[in-house]
Amino acid sequence: MSLLEVDGVTVRFGGVTALERVSFAVEPGEIFAIVGPNGAGKSTLFNVISRIHEPEEGDLRFAGENLLRLAPSEVAGLGIARTFQNIELFEHSSVLQNLLVGRHRHRRASIPAQVFFAPAVRREEVAHRAAVEQVIDFLDLQPYRDRTIAGLPYGLRKVVEVGRALAIEPRMLLLDEPASGLSAEESGDLQFRIKDIRDRMGATVLMVEHDMRLVSAVSDRVLALADGRVIAIGTPAAVQSHPKVIEAYLGTEAAVP
Amino acid sequence: MRTALKTSYVQDIRLFPDVRRALRYAVLLALAAALPLLLDDFLLGEATNVLIWAIAGMGLMLLTGHAGQASLGHAAFLAVGCYANAILMERAGLPFAASFLAAGVITGLVGVLVAVPALRLHGIYLAIATLALSILTEDIIVLAEPWTGGVIGLVAPDITIAGAEVDRYGSPGLFYWLCLAVALIVTLGYRNVLRTPLGRAFVAIRDSEISAQAMGINVAMTKALAFGLSCMVTGWAGALMGHFFYTFNHEVFTVIISIQLLVMIVIGGLGSIQGAYWGALVVGVIPQAINIARDGAQAAFGGSVLIPGIETGIFMTLLIVFILFEPRGIHGRIEKWRIYVELFPLCRRDMFRRQKSFLKTERMR
Amino acid sequence: MLTTRPGAQDSSGRAQGRCDGETGIVETLQLIVSGLANGCVYGLIALGFALIYKAAEQVNFAQGDLMMFGAFVALGLANESHLGLPFWVACIGAIAAMAVFGWLLERTVLRQVFGQPQIAVVILTIALGFLLRFIAGIIWGHDPLALESPIAGVNQRFGDLVLGLDELAVIAVTLVLTAFLFGFFSRTRLGIAMQASSQNQLAAYYMGIPVKRIHGLTWALAGAIAAVAGILFASKGSIDPNTGLLGIKAFAAAVIGGFGSLPGALAGGLIVGLIEPFAARYVASGYSQIAPYAVLILVLLFRPRGLFAQAHAKKV
């Protein structure tokens, strides 16, 4: 069974159709990339999966469960974690605190127990702390543990955001343009990390990315979107050489009046 | 320079990060507990006042400083706590301990009740709604005359705890200790909240609702909870305030009090428990400082120097100075000094420089 | 108006039973005109809010106090007991002075919090408002004073209907000013640049719009409008430093109309202005002063963006 099934999803904003009858499925353990020119609807698709946008038509299932029945805050509970295109970290908290927020879905203690800091809460906190430390080790964030986000450089923030998503212990990780704004070196690191996330953390990765080099290096399958429609799906090489994809990116004589 | 060597996760979770800080707070607490032996009745009354303001400040700090929801109407919740406590003692004959607890719970529930419709409002709209609430409170108190005594008001019933009469005038020491105990309990509870998922959820919705939601935090429920807890604490402060003022009517809990409370925590330092205490201290000290200055001026120049509204004038000037030059308040300033001293001489000039930020519209949300 | 209508109809029916029909209508008309005149003052203050919010996305809680201050400046220039300048000279002087004052306020104080969260500006302007009140109290005292204006206390008769010239002047000036501002924002380059700079400061900055200078201009404009509102208000009755608290009511008006919408601000002001005399006339005392805020809370509950707002959603 596919992990994520997107079936005929259509999203309209006012009169503008952002996504039209988009269908695809992501298999467990896959690294699945979504590419397309600006305004193709890639981020909208992510926002549909995170339940920020309501699709007008279509079905959305995660591990067999109907996503459209869930509130936005319940999506994380299924094990879907995400990052944001423009980095949405908790600016005034430390790296550690940010990652600990990722543990939110694993909390068990009741609110009165938290106010009185019952022994069970202490045990839970230690466990969260240990789990977060694994993520810190995994992403080499040790030197920045207690640093406030507001003072961190851009590339590091992107890493912290991935870390926060990993602290959820996701079954599927949504990365929204993970390489944008990164240096060549950081982008190279990212390439290994994405593979590691799949191989060592066991998370399926779904990403939106512009950098075709990164996409072809890591992804198993690629989906190309243009004007809200799926125009190609397949291996990175196949999609890159697909005539419709070339047309969407470069334009053809027919497209330019 | 001091480095903290961490050897266990518990170190990040403890109430105090290190022994030195724990000791410092222990000394502070001992000093606070000894105040009735050190001060005369008048100054002890002022210290009690500061404690009550600090409790109210912690209530608002939780909501505004940590959960990021500005309220311009917290005097309304002071009023609810104050009247609920007095009415429960007077009409239902409850002992103070029971009515006090109940007053907090009632105020918390009222807070949630207010929060549920207010949840749809963001930033400035929430501020306006709470401001309107605060304005309405005065009128509602007058209209609810059978319960609240209207413009005549109520007299705070006597408190008896374990056989001892606790009275602001009769036994100011006991009343002070009562307030100190409440302040201590609230502070501990507050600190606990901050080191658990609940507190992290508050900070998360303050800094980015959209990603808090993506982390599985139910934003609406968390806001309602923040309102509930905040109002509960504020209700307790209101109950104590009632006993402190002895008599109270609709003119006590005005919009001005709401604004003063907000201004207080901004001066103290948003986003820190200590900020509530610093702010309360400023509220308590300014009138005394003005009195002393006025006496001095009268002695020097003769005649009576009376400038109406000078308290507010100074208070507001102070606020403007802080917002412009130290947005993190007194607490933030002290922390910077501490870091400077601890790192000496390694502190770089621009270490604390504020980042220039361009504002993208907040209007959209 | 929205909430009190059933009750109002009820009681006005009774009122008509008591008097004859015509007086009932005249009385209602008079209530409407005085409500509109008050509403225009609220509307003008609300315009100031909306203007700053539209152009700089700052919420200026001190607008009511700016109005009070403008009124006092005009009074200080015009009244015999003070400088005794001719009324029109004093008006122009006060408007110019308040424009400069608004500009200076932005230059010295508000520019410091440029880019900080809205709520910082809210708290800052609340403090500025209190400070203005304090300063006005020191300069002009706390007793109510009246502006000696040629339109004060002159009545205009229309049959049975007696209307104050001051009230009519307030309504006329407000309408002209709103139309002017509306045209300014939708037609002129500067107005459009002001809107752009509030939508996304960084983008506007890149487009070559001098964002900071525009903020200064906005505050100058808001100061000038506050002076106009102050002069009109002071012509209708007396002022004292606490008159600035009217700003809260005007704020309610701005929210009812929809923040950032200029016609909305005026409409909100008129709604609040109309509610008041009718609530005072027909609703039990004690409840009547609640009416504007009750309407505000209803609007916030059911149309949180105000009656005339533009709808938006944040992009992620």
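Just so you know, these numbers come straight off a predicted model, no measurement behind them. (Residues numbered from 1 in each chain as written. Chains lettered and ligands numbered in written order. Predicted model: local features only at pLDDT ≥ 70, side-chain atom pairs only at ≥ 80, totals over all residues. Heavy atoms only, no water.)

(A) The arrangement of the environment of Thr7 of chain B in detail. With respect to the helices and strands, the residue Thr7 of chain B is situated in the segment before helix 1 (19-38). Placed 316 residues apart in sequence, Thr7 of chain B and Ile323 of chain B show a C-alpha to C-alpha distance of 39 Å. (Helix = DSSP H or I, 4+ residues; strand = E, 2+ residues; numbered from the N terminus.)

(B) Geometry of the packing of aromatic side chains. In total, this model carries 15 aromatic pairs over all chains according to the counting rule given. Both rings, one in Phe69 of chain C and one in Trp140 of chain C, keep their centres 5.7 Å apart while their planes meet at 75 degrees; by these two values the pair is edge-to-face. With Phe69 of chain C in helix 3 (residues 63-78) and Trp140 of chain C in helix 5 (residues 118-140), this residue pair connects regions lying 71 residues apart in the sequence. An angle of 10 degrees between the planes, with centres 4.9 Å apart, marks the rings of Phe72 of chain C and Trp140 of chain C as stacked. Of this pair, Phe72 of chain C sits in helix 3 while Trp140 of chain C sits in helix 5; the two residues are 68 residues apart in sequence, bridging distant segments of the chain. In this structure, Arg91 of chain B packs its charged tip against the face of Trp147 of chain B, placed 5.0 Å from the ring centre. When the ring centre of Phe117 of chain A is taken as reference, the NZ or CZ atom of Arg195 of chain B above it lies at 3.6 Å. (Phe/Tyr/Trp six-rings, centres within 6.5 Å; stacked < 30°, edge-to-face > 60°. Lys NZ or Arg CZ within 6 Å of the ring centre and 35° of its normal.)

(C) The packing of helix 6 (residues 165-187) of chain C against helix 9 (residues 211-236) of chain C, seen in detail. All names here are of chain C. At a closest axis distance of 9 Å, the pairing of helix 6 and helix 9 adopts a crossing angle of 165 degrees. Viewed along their axes, helix 6 and helix 9 adopt a mutual orientation that is roughly antiparallel. Of the two elements, helix 6 crosses helix 9, and the hand of that crossing is left-handed. Contacts from Asp166, Val170, Val173, Thr174, Leu177, Leu181 and Phe184 of helix 6 reach helix 9 at Leu221, Ile225, Val228, Leu232, Ser235 and Lys236. For the contact of helix 6 with helix 9, the residue count by class is 9 nonpolar, 2 polar and 2 charged. (Axes fitted to C-alpha atoms, helices over the stretch in contact; angles between N-to-C directions. Parallel < 35°, antiparallel > 145°, perpendicular 65-115°, else oblique. Left-handed = near helix turned anticlockwise from the far one by under 90°. Contact = heavy atoms within 4.5 Å. Nonpolar A, V, L, I, M, F, W, Y, C, P; charged D, E, K, R; others polar.)

(D) Representation of helix 12 (residues 273-301) of chain B within the structure. Residue and element names in this part refer to chain B. Helix length check: helix 12 (29 residues) gives 42 Å between terminal C-alpha atoms against 42 Å at 1.5 Å per residue, within 8%. Val285 marks where helix 12 bends most, by close to 30 degrees; the proline Pro287 follows one to four residues later. Once helix 12 finishes, Gly302 follows within two positions and takes phi at roughly 75 degrees, a positive value. (Expected span 1.5 Å × (residues − 1). Bend = angle between axes of the 7 residues up to and from the residue.)

(E) Spatial organisation of the interface of chain A and chain B. Each partner contributes to the interface: chain A provides 39 residues, whereas chain B provides 30 residues. Summed over the shared surface of chain A and chain B, the result is 1 salt bridge. Joining chain A to chain B, the criterion identifies 9 residue pairs in polar contact (both at pLDDT 80 or more). Listed by contribution, the elements that provide at least two residues to the side of chain A that touches chain B are strand 6 (80-82), helix 2 (95-101), helix 3 (111-116), helix 4 (119-139) and helix 5 (154-167) of chain A. Ranked by the residues each element gives to the side of chain A that touches chain B, the list is headed by helix 4 of chain A, at 8 residues. (Salt bridge = Lys/Arg side-chain N within 4 Å of Asp/Glu carboxyl O. Polar contact = N/O pair within 3.5 Å; in protein donor to acceptor, adjacent residues only side chain to side chain.)

(F) Main features of the sheet that holds strand 7 (residues 172-176) of chain A. Residues and elements named next belong to chain A. Strand order in the open sheet formed by 6 strands is 6-7-8-3-9-10, with mixed pairing between adjacent strands. With one partner strand each, in any of the chains shown, strand 6 and strand 10 (229-234) form the two edges of the open sheet. Neighbouring strand axes in the sheet, compared pairwise and without regard to direction, differ in orientation by 15 degrees on average. (Pairing = 2+ DSSP bridges.)

(G) Just the packing of helix 5 of chain A against helix 6 (residues 184-201) of chain A, in detail. Residue and element names in this part refer to chain A. Relative to each other, helix 5 and helix 6 sit at 5 degrees, their axes nearing to 12 Å. Classified by the angle their axes make, helix 5 and helix 6 are roughly parallel. The residues of helix 6 that touch helix 5, namely those facing Gly155, Val159, Val162 and Leu166, are Glu186, Arg193, Ile197 and Met201. Here the residues of the contact of helix 5 with helix 6 sort into 5 nonpolar, 1 polar and 2 charged.

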